Amino acid sequence: MEVLHQVFSPHGFVEKIVTFQKSAGFQALIQYQLRQSAVTARNSLQGRVIFMMVAVSLTFSFQRSLDELQVNYNNERSRDFTNPSLPSEQKGRSS
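Residues numbered from 1 in each chain as written. Predicted model: local features only at pLDDT ≥ 70, side-chain atom pairs only at ≥ 80, totals over all residues. Heavy atoms only, no water.

Caption draft 1: Highlighting the overall build of the chain. A count of helical and extended segments in the chain gives two helices and five strands. Along the chain direction, N to C, the helices and strands of the chain fall in the order α-β-β-α-β-β-β. Along the three orthogonal principal directions, the C-alpha set of the chain runs to about 45 × 30 × 25 Å. At a minimum sequence separation of 6, the contacts of the chain that also span at least 24 residues come to 43%. (Helix = DSSP H or I, 4+ residues; strand = E, 2+ residues; numbered from the N terminus. Contact = heavy atoms within 4.5 Å.)

What follows is the structure, given as structure tokens:
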């Protein structure tokens, strides 16, 4: 999560990050405060390789079906940088 924030934050204020695994591999959704920041990040980072335990090649697409990322927890899979008081896990459950 911190590596993603470090890579994407120079291009604008990162509001939220959500990560997940799909059959195609590791994926992340990054929500910026401004659309132009997302465009700048894509133009600057498309095809670059970053290292997050393994080499990860960055490929971008804009998500049209989501207006806002839903983040319920601030943990290793999701983070809302606009709401640092979110819990790290659901109450009554431990990881």
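That shown, we press on.
Caption draft 2: Quick look at the pattern of salt bridges. Throughout the structure, instances matching the rule amount to four salt bridges. A salt bridge links Lys-16 to Asp-80; the shortest N-O distance between them is 4.0 Å. Within this pair, whereas Lys-16 is found in strand β1 (residues 14-22), its partner Asp-80 is found in strand β5 (residues 78-80), the two being separated by 64 residues in sequence. An identical accessibility class is assigned to Lys-16 and Asp-80; each is buried. Each member of the salt-bridge network shares a partner with another, and the members are Lys-16, Glu-68 and Asp-80. (Salt bridge = Lys/Arg side-chain N within 4 Å of Asp/Glu carboxyl O. Buried < 20%, exposed > 50% of the residue type's maximum accessible area, 1.4 Å probe, protein only.)

Caption draft 3: Inspection of the sheet that holds β5 at higher detail. Across the sheet, which stays open at both edges, the three strands sit in the order β2-β1-β5 with antiparallel pairing between neighbours. One side of each edge strand has no neighbouring strand; the edge strands of this open sheet are β2 (25-32) and β5. Strand-to-strand twist across the sheet, computed as the mean angle between neighbouring axes with direction ignored, equals 15°. Sheet topology places β1 next to β2; eight bridges connect them, and they run antiparallel. Its bridge partner being in β2, Thr-19 is matched across the sheet by Ala-28. (Pairing = 2+ DSSP bridges. Axes fitted to C-alpha atoms, helices over the stretch in contact; angles between N-to-C directions.)

Caption draft 4: Here's a closer look at the environment of Lys-16. Lys-16 sits in the buried class, given a relative accessible area of 8%. Separated by 65 residues in the primary sequence, Lys-16 and Phe-81 have C-alpha atoms spaced 5.8 Å apart. Ignoring any residue separated from it by four or fewer positions in sequence, one finds Lys-16 in contact with Leu-29, Ile-30, Gln-31, Glu-68, Leu-69, Val-71, Arg-79, Asp-80, Phe-81 and Thr-82. Among the polar contacts made by the side chain of Lys-16, one reaches the side chain of Glu-68 at a distance of 2.7 Å. (Polar contact = N/O pair within 3.5 Å; in protein donor to acceptor, adjacent residues only side chain to side chain.)

Caption draft 5: Up close: the nonpolar core. Ranked by internal contacts, the top residues of the largest apolar core, which has 13 residues, are Val-7, Phe-8, Tyr-32, Leu-45 and Ile-50. Going through the elements one at a time, α1 (2-8), β1 and α2 (35-45) are the ones with two or more residues in this core. (Core = buried A, V, L, I, M, F, W, Y, C linked by side-chain atoms within 4.5 Å.)

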